[in-house]
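Geometric and topological summary
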Amino acid sequence: IPGAAQDVRAYFLTIQYWLGGTDANLVNLVRYHVDRYASGPRTVYRGQLKVGEPEVYPEVGVWHPDLPDRGLTEDERLLPSFRKRDAVGTVGVLVGRSYLLAGNSRHYEAVVRALEARNLRVMPVFASALDARPAVERYFGLRREGDAWRRERPVIDALVNLTGFSMVGGPAYNDAPAAQAVLRALDVPYLSLQTLEFQSVAEWQADPRGLNPLQATLQVAIPELDGAIAPTVFGGKGTASAEQPVPASEPLPDRVEAIADKVYKIVKLRRTPREQRKLAVVLFNFPPNAGNTGSAAYLAVFPSLQRVLAALKEQGYRVDLPESADALREAVCDGNRERYGTPASVHTRIGADDHVRREPWLREIESVWGPAPGKQLTDGSGLFVMGQQFGNVLVAVQPS
């Protein structure tokens, strides 16, 4: 390649090294430029360095810590759980390609292993840019038709985003309508989890706000515009030390296990026939003991709830539908309340001994409300839970 055209070649090689993102590629990027362009007192190095070719990795693909070559491949059939026949269901997982190339993937690995331990088929996928849609389209059964998306076949039962940012745009910007179009076509629960990017784990634990405002905005509020649910911190960076001068993201084991339990239950629920599913609706009741059960400004709560129950019944849920919104209101607000002297109907009673044995936050509760069972919603030996059962749907009332 003659003359200045060599600089064009150097430009494209630079991009290849940079987008490759591994430590070897970055070392060779520096060596290549020194070898080609060193000047002044460093001219002696020009043409003297050994430079490796760029390591090339898929732009879009699947990943697993047990696979060779940093775990990146384009063939989903190589995933260890791909052929799992007795799996409870399949979970799609979005991971960051740059993290994988940098070898900073212990937090990803922990989540994948925890999901697999619950007999879930796990499909971690990645895309090179800040847009996960190419990976979702290739591996999760979607087809793009202009600005619209269509699901050709069901592949996953839930989608978990481990990048901590929006599906389209990452931390740089957000295109919520574009993400919503994809999620609407997928039609599965979408969870966005958080790795601490702008705080260390110690700083996060010591901050009474938890996430600082920047992280809360970029990692919780903006992904929720896409349709994300259940934000949970699952990993973060420790404090730099001599042994670990550049801290990597580490998993928070108890939170990873809790996330895996939650995803397992979501998948299992999704695969449960609708007539067997149990639901709860909790009605607003504040200020307490003032006839405010189910009150809300400018909202007809009981007519709205009646419509929701009717829609659930039409969709196959087991619902004992009240005749009218007034009948629903009477069942919830009156019911057996006079028998117990409570603001609304009592659904069940929990014995104080059961409450003391099962409640993990008993000390904190008793420090405010006194020894169990307290003085609110109690008969002296148990606690009342207000509400009314309608088939498999419990309409509960916020405790006084």
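Nothing here was measured: the structure is a model prediction, and the numbers come from that model.

**Focus on the pattern of salt bridges**
Across all of its chains, the model carries 21 salt bridges by this definition. With a closest N to O distance of 2.5 Å, Arg-143 and Glu-152 form a salt bridge. For Arg-143, a relative accessible area of 40% gives the class partly exposed. Looking at Glu-152, the relative accessible area reads 39%, which means it is partly exposed. Salt-bridge contacts for Arg-150 lead to Glu-145; the nearest nitrogen and oxygen are separated by 3.0 Å. We classify Arg-150 as partly exposed; its relative accessible area is 38%. Exposure remark for Glu-145: the relative accessible area of 41% places this residue in the partly exposed category. In the salt-bridge network here, residues are joined through shared partners; they are Arg-143, Glu-145, Arg-150 and Glu-152.

**What about the sheet that holds strand β11 (residues 249–251)?**
Reading across the sheet, the three strands line up as β9-β10-β11 and stay open at both edges, with mixed pairing between neighbours. Unpaired on one side and paired on the other, β9 (194–200) and β11 mark the two borders of the sheet. Neighbour-to-neighbour, the strand axes of the sheet open up by a mean angle of 40°, direction not taken into account. In terms of strand pairing, β9 meets strand β10 (residues 233–237) through four bridges, oriented parallel. Looking at the pairing, Ser-200 lines up with Lys-237 of β10.

**Considering helix α10 (residues 301–314)**
Residues that lie three or four places apart on an α-helix share one face, since the helix turns once every 3.6 residues. Counted at 1.5 Å a residue, the expected span for α10 with its 14 residues is 20 Å, and the 20 Å between its end C-alpha atoms agrees. Its buried side turned inward, α10 meets β12 (279–283), α11 (325–333) and β15 (393–397). One or two positions beyond α10, positive phi appears at Gly-316, with a value near 105°.

**Observations regarding the packing of aromatic side chains**
Summed over all chains, the structure comprises five aromatic pairs. Judged by centre distance (6.3 Å) and plane angle (70°), the ring pair of Trp-63 and Tyr-108 falls under edge-to-face. Residue Trp-63 is located in strand β1 (residues 60–63), and its partner Tyr-108 is located in helix α4 (residues 106–117); the two are separated by 45 residues in the primary sequence. Taken as a pair, Trp-63 and Tyr-108 share a single burial class, namely buried.

**Brief notes about the nonpolar core**
Counting 29 residues, the largest nonpolar core has Phe-140, Leu-159, Met-167 and Leu-186 as the members making the most contacts within it. Per-element tally for this core: the top contributor is helix α6 (residues 176–186), with seven residues. Leu-186 has contacts with Val-136, Phe-140, Leu-142, Arg-151, Ile-156 and Leu-159, leaving out every residue within four places of it along the chain. Core analysis: the second largest hydrophobic core is formed by 28 residues, Val-111, Leu-120, Ala-158 and Val-267 among them.

**Topic: the sheet that holds strand β2 (residues 72–73)**
Reading across the sheet, the six strands line up as β2-β1-β4-β3-β7-β8 and stay open at both edges, with mixed pairing between neighbours. Strands with a single pairing partner mark the edges of an open sheet, and in this sheet they are β2 and β8 (190–192). Pairing analysis gives five bridges linking strand β3 (residues 90–94) to strand β4 (residues 121–127), with the strands arranged parallel. Bridging from a neighbouring strand, Val-91 pairs with Val-122 of β4.

**Comments concerning a nonpolar patch on the surface**
A surface patch of nonpolar side chains, amounting to about 710 Å² of accessible area, comprises Val-8, Tyr-11, Phe-12, Ile-15, Trp-18, Leu-19 and Leu-26. The dominant element in the nonpolar patch, judged by the number of residues it contributes, is helix α1 (residues 5–20), at six residues. Within the element layout of this structure, Leu-19 appears in helix α1.

**Some words on the packing of α1 against helix α2 (residues 23–37)**
Axis angle and axis distance: for two packed helices, these are the angle between their axes and the distance between the axes, and together they describe the pair. Packing of α1 against α2 leaves a shortest axis separation of 8 Å and a crossing angle of 160°. Compared by their axis directions, α1 and α2 come out roughly antiparallel. The element α1 and its partner α2 pack so that their crossing is left-handed. Counting all contacts with α1, which are made through Gln-6, Asp-7, Arg-9, Ala-10, Leu-13, Thr-14, Tyr-17, Trp-18 and Gly-20, the residues of α2 involved are Asn-25, Leu-26, Asn-28, Leu-29, Tyr-32, His-33, Arg-36 and Tyr-37. The class makeup of the residues in the contact of α1 with α2 is eight nonpolar, six polar and three charged.

Reading the values: rules and limits
Residues numbered from 1 in each chain as written. Predicted model: local features only at pLDDT ≥ 70, side-chain atom pairs only at ≥ 80, totals over all residues. Heavy atoms only, no water. Salt bridge = Lys/Arg side-chain N within 4 Å of Asp/Glu carboxyl O. Buried < 20%, exposed > 50% of the residue type's maximum accessible area, 1.4 Å probe, protein only. Pairing = 2+ DSSP bridges. Helix = DSSP H or I, 4+ residues; strand = E, 2+ residues; numbered from the N terminus. Axes fitted to C-alpha atoms, helices over the stretch in contact; angles between N-to-C directions. Expected span 1.5 Å × (residues − 1). Contact = heavy atoms within 4.5 Å. Phe/Tyr/Trp six-rings, centres within 6.5 Å; stacked < 30°, edge-to-face > 60°. Core = buried A, V, L, I, M, F, W, Y, C linked by side-chain atoms within 4.5 Å. Patch = residues over 30% accessible without salt bridge, like charges linked within 9 Å, V, L, I, M, F, W, Y side chains within 5 Å. Areas by Shrake-Rupley, 256 points an atom, 1.4 Å probe, with all protein chains shown as cover. Parallel < 35°, antiparallel > 145°, perpendicular 65-115°, else oblique. Left-handed = near helix turned anticlockwise from the far one by under 90°. Nonpolar A, V, L, I, M, F, W, Y, C, P; charged D, E, K, R; others polar.

Shape is all these values report; function is a separate question.
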